[in-house]
Amino acid sequence: MPYELLLPNALRPWKVKIFDNELLFEEPHVTIIFKSTRWRFSLRSRNFLDKSPEPSQVPSRVVAQIEANLETLCDEWNARFPTNPIAQLEEEE
Amino acid sequence: MPTVIENPRSKQSGATGFLVPKWVDSASEARHAASSDEEGTVWIVRKSNLVDSVAHEVAVIKALKKSGYLVLLLDARSALLPPLEKRFRAVAFVPRALSKEEFDEVLTLPDREDRFIGGIVDEASKTLTLWRGNFKSITVPFSAFPATGNGIKPDFKKFSVIDYGHTLKFGNYESASEVVLFEYAPDFRRRLKQTRFAEEKTLGASIRRLRRQRRLTRSDFGNIDAKTIARIEHGKVKRPQASTLEGIANVLGVNRSQLSSY
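Novice: Pulling in residues and values, what's your account of the interface of chain A and chain B?
Specialist: Contact residues are listed per partner, giving 30 residues for chain A and 31 residues for chain B. Those elements that provide at least two residues to the side of chain A that touches chain B are β3 (29-34), β4 (37-42) and α2 (70-80) of chain A. Counting residues per element, the side of chain A that touches chain B draws most heavily on β3 of chain A, at three residues. Residues of the side of chain A that touches chain B, tallied by class, amount to 16 nonpolar, seven polar and seven charged.

Novice: With reference to specific residues and values, describe the sheet that holds strand β6 (residues 116-122) of chain B.
Specialist: Residue and element names in this part refer to chain B. With antiparallel pairing, four strands are arranged side by side in an open sheet as β5-β6-β7-β8. Of all strands in the sheet, those with a lone pairing partner are β5 (96-97) and β8 (137-141), marking the two edges. Those strands touched by helix α5 (residues 177-184) are β6, β7 (127-132) and β8, and its axis lies near 95° from that of β8.

Novice: Just give me the short version of the domain arrangement of chain B, but keep the residues and values in it.
Specialist: What the domain assignment lists for chain B is domain 1 (20-93), domain 2 (111-185) and domain 3 (199-261). The gap between the C-alpha centroids of domain 1 of chain B and domain 2 of chain B is 25 Å.

Novice: Describe the pairing of strand β4 (residues 90-93) of chain B, listing the residues and the values that go with them.
Specialist: All names here are of chain B. Pairing of strand β3 (residues 69-72) with β4 involves four bridges; the strand directions are parallel. Bridged to Val-71 within β4 is Ala-92. For the handedness criterion, the β-α-β arrangement of β3, helix α3 (residues 81-87) and β4 is classed as right-handed.

Novice: Could you give me a rundown of helix α2 (residues 48-61) of chain B, with the residues and numbers involved?
Specialist: Residues and elements named next belong to chain B. Over its 14 residues, α2 runs 20 Å from end to end, which matches the ideal 20 Å to within 8%, given 1.5 Å per residue. Listing the buried residues of α2 in full gives Leu-50, Val-51, Ser-53, Val-54, Ala-55 and Val-58. In this structure, the buried residues of α2 make contact with β1 (20-24), α1 (27-35), β2 (41-45), β3 and α3. Within two residues after α2, Lys-62 carries a phi angle of roughly 50°, on the positive side.

Rules and cut-offs
Residues numbered from 1 in each chain as written. Chains lettered and ligands numbered in written order. Predicted model: local features only at pLDDT ≥ 70, side-chain atom pairs only at ≥ 80, totals over all residues. Contact = placed C-beta atoms within 7 Å. Helix = DSSP H or I, 4+ residues; strand = E, 2+ residues; numbered from the N terminus. Nonpolar A, V, L, I, M, F, W, Y, C, P; charged D, E, K, R; others polar. Pairing = 2+ DSSP bridges. Axes fitted to C-alpha atoms, helices over the stretch in contact; angles between N-to-C directions. Domains from an automatic or database assignment. Right-handed = clockwise from strand over helix to strand, strands pointing away. Expected span 1.5 Å × (residues − 1). Buried ≥ 20, exposed ≤ 12 C-beta atoms within 10 Å, placed from the backbone.

This is the structure we're talking about:
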């Protein structure tokens, strides 16, 4: 089951998800979804991974929810993808 | 209230232009779909009897010119494919598709080719055929959706496409669509190389990406030393031996000539 961050009602239909199948060579991240648009936010660097779509379109309250739940999100990522953990594996460097 | 976002890339006529969905809900609309020469129209049919009407009309009018696309939200009927494929640019049987609202929106997006509009599961061959928003199909084995580290597995009987084509859902398991595109769509990989991978275009970077996607370590390459893999990945070996590349490609499950495309 994907991990979906429980957002306050006022932020619906925004979604924040960790999928069960991801590109594992990229930084661990959550996917922020609003209707047909989506952004990727790194759980490692805590920045948006892509310049487009424009990150500033994401309400600061959504980003604040992610930052407030980082520990849980990191645990959920690590449980799903042990070969690409938040803490970079030494052998991968 | 949530912020309303206008996708900066939406509603623009890109290189491929956007498509116009038309839902076929009556016999007269079915006749129109069969005879129309509207190039950018996507005819969407939900009812079996209306598909029969389209196919019958195509046979009656003997139309030779191809135009438009036909999406049938029904289980595949192979007998209908030859006549319909002579008439439409693409004919897609898509029993599991996006909702109507999402379907209509995706067809207007310039990046629709990077989204899936639906698909069809074949349990016998253990494959899933997915239709992209540009009406090209990709057939993938069930193994493209591995269990997670904590044991979450896909249920292919509960397949659907959600999030405007960005998500493939299999019961309680969800996959990002781009995982499938990276693996099975060379055009998608080429675009990633121009954007996300612009600073990592080397053969070594490609090998590293593919290895990590396969959840392998550098020690998983049999008689090829982990240090050799690391040196190749870091670009410290400019021209790896052909036999080494062959061995790497074999472990990664791709043709040697394709390695650099990942």
